[in-house]
Amino acid sequence: MKINYFPLLALLVFSLASCGPAQETPAKEMTDAELRAHANDLAHEYLITDGHVDLPYRLKVKNFRLDKEYLGIPIQTDEGDFDYQRAVEGGLDAPFMSIYIPSRLQEEPGESPKLADSLINMVRGIAAAHPDKFRITTSTEQLLQNFADGVMSLPMGMENGSPIEDKIERVAEYHAKGIRYITLTHAKDNLICDSSYDTTRTHNGLSDFGREVVREMNRVGIMVDISHVSDSTFWQVVEQTDVPMIASHSSVRHFTPGFERNMNDEMIKRLGEEGGVIQINFGSTFLDGALRARQDSLREVFRERLAEAGLEYGDEGTEAIEQAFEQEFPTLYADVETVADHIDRVVQLAGVDHVGFGSDFDGVGDSLPTGLKDVADYPNLLYTLLKRGYTDEDLRKMCSGNVIRVWKAVEAAAAP
Ligand SMILES: [Zn+2]
């Protein structure tokens, strides 16, 4: 069948000229295909930040070096959850590069700051090698400018305050090196505060030094990240900080009962009242308590299987057992809808101004949910949220508006 498109085209040109976006079809009247296309448009129209991407540590583990042979990896690779091409496809504009410092390093003085510097240099080197694609980003002004220029921003957040060691002047030094948030601790209590994963409860929250660190972060303009901290630490940070906080990559504990690494309802409400943002972690075990319980019990079963063969976790020669185990107990995943459930609950508790995305891409192995497997999949998340009735403006806030608001507040409160 031949159709004359001309009148349609004329109508379109006329409507674009005379009406503008206010006359667009409301989301609830769109077909499924239109809604998907709209979600994809929004992913590229809006600035998207992601609070936590573990690219630097993934590359570190792979012995990435800043030379010609390796420099294509951050641009295009079959491995991991992040590369430039997939990020562009997904509309991601500003992944916070995680400068991740494992807790075990804090036992050896000097090791944590050494790793921090090497990861910061790696991110700087990647940006320097691809100036048309990436820019190190240390202010909201740069963030917005890079977006306007079509260049991906690489802000840096340090996951674990352990490189500060007992030297308060390091806070300002890391600010000068480009760090714009610090996750106060990681898997263990450190000199600053207690961790959600550590039952020692060394300080029952923040130490005196930790209070000083939070004050100094406020003073120099580094966002305080309460992901990974214990509940007592959270409540004491709320009392200490003068500016809103972030959770760079945490989810909602309501869906994972007993998992202190996620935030409970009272904490989410208070974070919102203080003007902060929780950026939802996409890892399946952060999203679904049943999957978490299953994985915990399977870990025991796997250890038993290894023991039967006279092996331990981490030994060489476990591949065959691993493969058989994976066939017997295939990995189960949460779904992109589960991520939307977490977002819904934060919106009910604290409002749409207090939620964002903190995927933990490259940091949670292959446990990512169906429909949200890597940085190309943000449009699918936006589609899921549109289907649930969120407006374009709601999505703009979740994509980056909320995080930019907090970052600006932290910049404004910092000493000049
Ligand atoms: Zn983490």
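See above for the structure.
Residues numbered from 1 in each chain as written. Predicted model: local features only at pLDDT ≥ 70, side-chain atom pairs only at ≥ 80, totals over all residues. Heavy atoms only, no water.

Would you mind going over the packing of helix H7 (residues 169-176) against helix H8 (residues 208-220) with me for this structure?
How two helices pack is summed up by the angle between their axes together with the distance between the axes. Between H7 and H8, whose axes approach to 9 Å, the crossing angle comes to 35 degrees. The element H7 and its partner H8 pack so that their crossing is right-handed. Together, Val 171, Ala 172 and His 175 of H7 and Val 213, Glu 216, Met 217 and Val 220 of H8 make up the contact between the two elements. Looking at the contact of H7 with H8, its residues break down into five nonpolar, one polar and one charged. (Axes fitted to C-alpha atoms, helices over the stretch in contact; angles between N-to-C directions. Helix = DSSP H or I, 4+ residues; strand = E, 2+ residues; numbered from the N terminus. Left-handed = near helix turned anticlockwise from the far one by under 90°. Contact = heavy atoms within 4.5 Å. Nonpolar A, V, L, I, M, F, W, Y, C, P; charged D, E, K, R; others polar.)

How should the coordination of the zinc ion be read in this particular structure?
Metal coordination angles have textbook ideals: 109.5 degrees for a tetrahedral set of four donors and 90 or 180 degrees for an octahedral set of six. Only Glu 159 (OE), His 228 (NE2) and His 249 (NE2) from the protein reach the zinc ion as donors, at distances of 2.0 to 2.2 Å. Sequence spacing among the residues donating to the zinc ion works out to E-x68-H-x20-H. Taken together, the residues Glu 159 in strand S5 (residues 156-159) and His 228 in the loop between strand S7 (223-225) and helix H9 (231-240) connect sequence positions 69 residues apart. Just as Glu 159 is buried, His 228 falls in that class too. (Donors = N, O, S within 2.8 Å, 3.2 Å for Na, K, Ca; no water. Buried < 20%, exposed > 50% of the residue type's maximum accessible area, 1.4 Å probe, protein only.)

Help me understand the nonpolar core, please; the structure alone is not making it clear to me.
Note that soluble globular proteins tend to have their nonpolar side chains buried in a common cluster. With 98 residues, the main nonpolar core has Ile 99, Leu 184, Ile 343 and Phe 357 as its most contacted residues. Leave out the neighbours within four places in its chain, and Leu 184 touches Asn 160, Gly 161, Asn 190, Ile 192, Cys 193, Leu 206, Val 214, Met 217, Val 224, Asp 225, Val 229 and Val 237. Formed by 14 residues, the second largest nonpolar core is a distinct cluster that contains Met 223, Val 243, Val 277 and Val 403. (Core = buried A, V, L, I, M, F, W, Y, C linked by side-chain atoms within 4.5 Å.)

How should the environment of Val 224 be read in this particular structure?
Within the element layout of this structure, Val 224 appears in strand S7. Residue class for Val 224 comes out buried when judged on its relative accessible area of 1%. Val 224 sits 82 residues away from Leu 306 along the chain, and the two C-alpha atoms are 41 Å apart. Each residue touching Val 224, except ones within four places of it in the same chain, is listed here: Ile 182, Leu 184, Val 214, Met 217, Asn 218, Val 237, Thr 241, Met 245 and Ile 246.

So what exactly am I meant to see when it comes to a negative patch on the surface here?
A cluster of acidic residues, Glu 312, Asp 315, Glu 316, Glu 319 and Glu 322, forms a negative patch at the surface. Mapped onto the elements of the fold, Glu 312 is located in the loop between helix H12 (289-308) and helix H13 (319-328). Take Glu 312: its relative accessible area is 58%, and that puts it in the exposed class. (Patch = residues over 30% accessible without salt bridge, like charges linked within 9 Å, V, L, I, M, F, W, Y side chains within 5 Å. Areas by Shrake-Rupley, 256 points an atom, 1.4 Å probe, with all protein chains shown as cover. Salt bridge = Lys/Arg side-chain N within 4 Å of Asp/Glu carboxyl O. Lys, Arg positive; Asp, Glu negative; His and termini not counted. Charge placed at Lys NZ, Arg CZ, Asp CG, Glu CD.)

Can you walk me through the pattern of salt bridges in this structure?
Under the counting rule described, the total for this entry stands at 27 salt bridges. Of the charged contacts, one joins Asp 362 and Arg 58 as a salt bridge, the two residues approaching to 2.8 Å between their closest N and O atoms. In this pair, Asp 362 is assigned in the loop between strand S10 (355-357) and helix H15 (378-387) and Arg 58 in helix H3 (residues 55-61), connecting sequence segments 304 residues apart. With respect to class, Asp 362 is no different from Arg 58; both count as buried. Across the pair Arg 345 and Asp 265 runs a salt bridge, and its minimum N-O distance is 2.4 Å. Remark: Asp 265 occurs in helix H10 (residues 265-273) and Arg 345 occurs in helix H14 (residues 336-350); sequence separation between them is 80 residues. Where salt bridges share partners, they join Glu 337, Asp 341, Asp 344, Lys 387 and Arg 388 into one cluster.

Is there a simple way to explain helix H2 (residues 32-45) in this structure?
The α-helix winds at 3.6 residues per turn, so residues separated by three or four positions along the chain end up facing the same way. The terminal C-alpha atoms of H2 lie 20 Å apart, and with 14 residues this matches the ideal 20 Å at 1.5 Å per residue to within 8%. For H2, every residue scored as buried is listed here: Leu 35, His 38, Ala 39, Leu 42 and Ala 43. Projected onto a plane normal to the axis of H2, the buried residues spread over an arc of 140 degrees and lie on a single side. Residues of H2 that are exposed and point over 90 degrees away from its buried face: Ala 33 and Glu 45. Buried positions along H2 lie against helix H4 (84-90), H15 and helix H16 (392-413). (Expected span 1.5 Å × (residues − 1). Arc of directions from axis to C-beta.)

Which parts of the structure should I look at to understand the packing of aromatic side chains?
What characterises a pair of aromatic rings is the spacing of the ring centres plus the angle enclosed by the ring planes. Overall, the coordinates contain 13 aromatic pairs when judged by the stated rule. Pairing Phe 302 with Tyr 313 gives two aromatic rings, centres 6.3 Å apart and planes at 80 degrees, and the pair type is edge-to-face. In this pair, Phe 302 sits in helix H12 while Tyr 313 sits in the loop between H12 and H13, placing the two residues 11 residues apart along the sequence. Owing to a relative accessible area of 10%, Phe 302 belongs among the buried residues under this scheme. Given a relative accessible area of 67%, Tyr 313 falls into the exposed group. With a centroid separation of 6.0 Å and 80 degrees between ring planes, the pair formed by Phe 361 and Tyr 378 is classed as edge-to-face. Residue Phe 361 is located in the loop between S10 and H15, and its partner Tyr 378 is located in helix H15; the two are separated by 17 residues in the primary sequence. Residue class for Tyr 378 comes out buried when judged on its relative accessible area of 1%. An aromatic cluster is present here, built from Phe 302, Tyr 313, Phe 325 and Phe 329 joined pairwise through their rings. Stacked on the ring of Tyr 84, the Lys or Arg Lys 133 has its end atom at 5.6 Å from the ring centre. Taking NZ or CZ as reference, Lys 373 lies 3.4 Å from the ring centre of Tyr 333, over its face. (Phe/Tyr/Trp six-rings, centres within 6.5 Å; stacked < 30°, edge-to-face > 60°. Lys NZ or Arg CZ within 6 Å of the ring centre and 35° of its normal.)

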